[in-house]
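Residue-level structure breakdown
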Amino acid sequence: MTGQDGSGSILHRVNSPDDLKALSPAECDALAGEVRQFLVEAVSKTGGHLGSNLGAVELTIALHRVFSSPEDLLIFDTGHQAYVHKILTGRRDGFDRLRQEGGLSGYPNRKESPHDLVENSHASTALSWAHGAAAARRMREEGEDNHVVAVVGDGALTGGMAYEALNNLGHASERVLVVLNDNGRSYAPTVSKLSGSLTQLRLDPRYVQFRERVRSKLREIPRPVGPVAYTSIHGLTSALREIVEPHVFFEALGIRYTGPLDGHDISQLEQALRRAASWPGPIVLHVLTRKGKGYAPAEADDIACLHDLKVQPPLEEKGQSLGKRASDEGALRPVGQRGESYTDSFAKAIIEEAEKDPALVAVTAAMPGPTGLLSFKEHFPARFFDVGIAEQHAMTAAAGMAAGGLHPVVCIYSTFLSRCFDQWNLDVGLHRQRVVVVADRAGVTGDDGPSHHGLYDMVQALSIPGCALFCPSEPQEVGPLLQEALSHDGPALLRYPKTLSEGPLGEPGEARGPRVLLQGEGELVLVGIGKLARAALEAGELLAREGYRPSVIDPRVIRPPDEGLLSRLASARLVVTAEDGLAHGGAGAYLLEQVAGRAAARGLAGPRGVVLGVPADYFTQAKPDAILSRLGLDAKGIASSAREAARRFGVRAGERVDHGAAVNAGGSSSFSGTSIESDGSHRGALARREQ
């Protein structure tokens, strides 16, 4: 790239897709190199999805040269492969704030550009979007000359929803071009029979090369022999294609298939895209790309091809140097040490439990590395199941495993649990199967934006009858609570964030019991759930300096609730709970409902209750601590809410209270429900027990 600001580069001249169309083929090839350099430099500073975008450079350039976005709809699945699309649609200058608060989203975003239609980054959805968009255009008789293009890659075709959409596209004969960006991977190598067949074509393209060489030679033969020979060889190659599985699979669904071809040859891509675009019905164009292409560290990373490059904290701090797996022996930090992740702690704990229980198996949906299962896979390969991007199947298959006497642990990001809630509820819950769900990245996650926050897992678990809920407040609690989850006679959820440990929070509690982090007088109790136990403790210390005598409790187990905890809370005057999940229907509301029942059984009025949690809203990318602070879920915010409630309900600083008199001076003896309030600025959501 020439010049400090790149002013002498081809990339600097490309500010919209129209600028691409004036470039020569040689300039397009040079542009691809400049885009790769730009991506490496930008993402190395901000973090983000590097490998998948390095592999999609030429493909995206070709797409924008052939089609006219936004009149032609380009839908990326998954959305993390759309960085090049953002660069070519006028957002290059925003990459210095990629995935930062107030900056560019790491996924397509409708607020950023009219070139983005779909901003949900969860995989396997684009084909359904494309089907619907094409049907709308056809029925409204609009855009007959325009196209709907779904770019499906990074393993998205392993998701069940994609197959449902393919079936309907073929049945309806909707005019949709599906570009299958086949890099043989999702986060890690893709798992599926179809992807295996595609891989065989990747490894042995001799059929395609032979066919094209023969056709080229036959076209050179003079008439009348040439056309006859060409027709004959065309019939022969068509017959041969019938034995190639991808062709048979797609065309059995009523979808034309063409390919595979080199996804890094812009001229060849353009020619193929124009031909495919002329097809009057649904068609799949299969292109072969290399994830991480052009950047040596990404190409050397055998596991993820630098799929998701993290810059804070540095990879070395987490034992993940370039080309090295996080699960390599000796890479994980000792339990309880500052800088340890919950995932690291789980990775150790599940191996320890598997060594004791030969029936324990691990199930994941295309996320073995991020969920900490690579080491498990190495130790117990026959007991490891990666089902691809198919969370629904993972959950129901786990139910079947449990019914057959195995003890499955299903490891999924919290945000993806919503995709399989029906199976969790009816296949696991209704059948009382002993399936442990481990929800990684729970709570407010930050950089990846609204589609990746894990805010619903506790609400979902608590709506499943008999599902136990375990919330470790720090990494050293993951192991003991995993043991408890595995011993529960029914479904269980163990959830934790991706936050690194700030060091031990307190002495470990009994495996089943809550921990008292700060011993107070009992009239004011702060309950910090999961990660927010630390913030609750800091809030309690702030209040103590003002003369209040708060108790701070880390419940650790939400359901089944600890009877001692409920009794203690029932005798309090004010209970404030804090959680990094949805406030409405969440853990705090559940605990207060249980407390009200215990208080009523003892003839007590019970405490006033305030639930602090996340309101029902969508939160754009920012650092987790910044989001929590704005929601009033940091130490200052929790202390402020507790102080306000204490004044409102008559709990005064420096006042020693007689517990019996205090609780009987409260409001009604029944728990009358909750009301969620928010001032609209995301200061927090309060669920308040009415008087």
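Residues numbered from 1 in each chain as written. Predicted model: local features only at pLDDT ≥ 70, side-chain atom pairs only at ≥ 80, totals over all residues. Heavy atoms only, no water.

Another point: the overall build of the protein chain. Along the protein chain, the regular secondary structure elements total 25 helices and 19 strands. Classification of the 691 residues of the protein chain by burial places 58% in the buried group. For the protein chain, contacts bridging at least 24 residues in sequence account for 76% of all contacts bridging at least 6. (Helix = DSSP H or I, 4+ residues; strand = E, 2+ residues; numbered from the N terminus. Buried < 20%, exposed > 50% of the residue type's maximum accessible area, 1.4 Å probe, protein only. Contact = heavy atoms within 4.5 Å.)

Attention now moves to the sheet that holds strand β4 (residues 256-262). Where strands meet in a sheet, backbone hydrogen bonds hold them as pairs that are either parallel or antiparallel. On the basis of which strands lie adjacent, the open sheet formed by five strands has the order β1-β2-β3-β5-β4 and parallel pairing. On the outer flanks of this sheet lie β1 (73-77) and β4, each paired with one strand and no other. With strand direction ignored, the average angle separating the axes of adjacent strands in the sheet is 20°. Pairing geometry for strand β2 (residues 148-153) and strand β3 (residues 177-182), over five bridges, is parallel. Bridge pairing in β3 places G153 opposite N181. On the sheet, helix α6 (residues 126-139) packs against β1, β2 and β3 and is oriented at approximately 175° with respect to β2. (Pairing = 2+ DSSP bridges. Axes fitted to C-alpha atoms, helices over the stretch in contact; angles between N-to-C directions.)

Proximity of charged atoms lets side chains of opposite charge pair with each other. Scanning all chains against the criterion turns up 23 salt bridges. Through salt bridges with shared partners, a single ionic network connects E474, E477, R515, D554 and R556. (Salt bridge = Lys/Arg side-chain N within 4 Å of Asp/Glu carboxyl O.)

What follows is about the environment of V410. In this fold, V410 is placed in strand β8 (residues 407-413). Not counting chain neighbours up to four residues away, the residues in contact with V410 comprise V363, A394, A398, V435, V436, V437 and V438.

Remark: helix α2 (residues 25-46) packs on helix α4 (residues 57-66), axes separated minimally by 9 Å, with the N-to-C direction vectors making an angle of 125°. In terms of orientation, α2 lies oblique with respect to α4. The crossing of α2 and α4 is right-handed. In this structure, α2 contributes C28, L31, A32, V35, R36 and L39 to the contact, and α4 contributes V57, E58, I61 and R65. Its residues placed into classes, the contact of α2 with α4 shows seven nonpolar, no polar and three charged. (Parallel < 35°, antiparallel > 145°, perpendicular 65-115°, else oblique. Left-handed = near helix turned anticlockwise from the far one by under 90°. Nonpolar A, V, L, I, M, F, W, Y, C, P; charged D, E, K, R; others polar.)

A separate point is the sheet that holds strand β10 (residues 468-470). Strand order in the open sheet formed by seven strands is β7-β6-β8-β9-β11-β10-β15, with mixed pairing between adjacent strands. The sheet is open, and its two borders are formed by β7 (384-386) and β15 (557-559), each paired with just one other strand. Ignoring strand direction, the axes of neighbouring strands in this sheet form an average angle of 20°. Relative to β15, β10 is paired through two bridges, and the arrangement is antiparallel. Looking across to β15, one finds that L469 is bridged to R559. Packed onto the sheet, helix α16 (residues 391-403) meets β6 (360-364), β7, β8 and β9 (436-440) and runs at close to 165° relative to β8.

Take helix α5 (residues 83-91) next. A large share of α5 lies buried, amounting to eight of its nine residues. Of the residues making up α5, those classed as buried are Y83, V84, H85, K86, I87, L88, T89 and R91.

Counting all residues, the mean pLDDT for the protein chain is 80, and 77% of those residues have values of 70 or more. Confidence drops under a pLDDT of 50 for residues 312-335, and excluding neighbours within four residues, the segment shows 44 contacts in the predicted structure. Here residues 656-691 is a poorly scored stretch, pLDDT under 50, and it has 92 contacts once near neighbours within four places are set aside; other chains count. (pLDDT = per-residue confidence, 0-100.)

On to the pairing of strand β13 (residues 524-528). With five of five residues buried, β13 lies mostly within the body of the structure. Burial along β13 is two-sided: L524, L526 and G528 and V525 and V527, pointing in opposite directions, are all buried. The pairing of β13 with strand β16 (residues 574-582) spans five bridges and is parallel. Bridge pairing in β16 links G528 to A578. Strand direction decides the pairing type here: β13 and strand β14 (residues 551-554), joined by three bridges, are parallel. Its bridge partner being in β14, L526 is matched across the sheet by V552. Handedness of the crossover joining β13 and β14 through helix α20 (residues 532-545) is recorded here as right-handed. (Right-handed = clockwise from strand over helix to strand, strands pointing away.)

Where like charges cluster on the molecular surface, the negative patch consists of E502, E538, E541 and D625. Considering the arrangement of structural elements, one finds D625 in helix α23 (residues 624-630). Classification of D625 as exposed rests on a relative accessible area of 56%. (Patch = residues over 30% accessible without salt bridge, like charges linked within 9 Å, V, L, I, M, F, W, Y side chains within 5 Å. Areas by Shrake-Rupley, 256 points an atom, 1.4 Å probe, with all protein chains shown as cover. Lys, Arg positive; Asp, Glu negative; His and termini not counted. Charge placed at Lys NZ, Arg CZ, Asp CG, Glu CD.)

Inspection of the secondary structure assignment puts K86 in helix α5. Not counting residues within four places of it along the chain, the set of residues in contact with K86 comprises R91, R92, F95, S105, Y107, P108, E112 and D116.

Take the packing of aromatic side chains next. Evaluation of the coordinates by the stated rule reveals nine aromatic pairs. Ring plane angle 70° and centroid distance 5.6 Å describe the contact between F38 and F95, whose orientation is recorded as edge-to-face. Here the residue F38 occupies a position in helix α2, and F95 occupies one in the loop between α5 and α6, the gap between them amounting to 57 residues. Assessed through its relative accessible area of 1%, F95 is described here as buried. Each ring, one from F250 and one from Y257, has its centre 5.7 Å from the other, and the planes form 5°; the classification is stacked. Since its relative accessible area comes to 3%, Y257 is described here as buried. Sitting above the plane of the W279 ring, R256 keeps its charged end 5.2 Å from the centroid. One Lys or Arg, R383, reaches over the ring of F380 and ends 4.5 Å from the middle of that ring. (Phe/Tyr/Trp six-rings, centres within 6.5 Å; stacked < 30°, edge-to-face > 60°. Lys NZ or Arg CZ within 6 Å of the ring centre and 35° of its normal.)

Two packed helices can be described by the angle between their axes and the distance between those axes. Closest axis-to-axis distance for the helix α14 (residues 342-356)/helix α19 (residues 478-487) pair is 9 Å, and the angle between their directions is 45°. Our classification of the angle between α14 and α19 gives oblique. Once α14 is placed against α19, the crossing between them reads as right-handed. Between α14, through Y342, S345, F346, A349, I350, E353 and K356, and α19, the contact on the second element is made entirely by V478, G479, L482, Q483 and L486. Here the contact of α14 with α19 is built from residues that sort into seven nonpolar, three polar and two charged.

A separate point is helix α12 (residues 266-277). Taking 1.5 Å as the rise per residue, α12 with twelve residues should run 16 Å; its terminal C-alpha atoms sit 16 Å apart, in good agreement. Inspection of α12 places I266, L269, E270, A272, L273, A276 and A277 among the buried residues, and these make up the whole buried set. The inward-facing, buried residues of α12 abut α2, α4, β3, β4 and β5 (283-288). (Expected span 1.5 Å × (residues − 1).)

Next up on the list: unusual backbone geometry. Cis geometry marks the peptide bond from S69 to P70; its omega dihedral reads 10°. Within the fold, P70 resides in the loop between α4 and β1. Here the amide bond leading from G259 into P260 is cis, since omega sits at 5°, within 30 degrees of zero. Examined against the element boundaries, P260 turns out to sit in strand β4. Even without a glycine there, the phi angle at R432 is positive, about 55°. Structurally, R432 can be placed in the loop between α17 (421-429) and β9. A positive phi angle, close to 65°, is found at R556, a residue other than glycine. Mapped onto the fold, R556 is located in the loop between β14 and β15.

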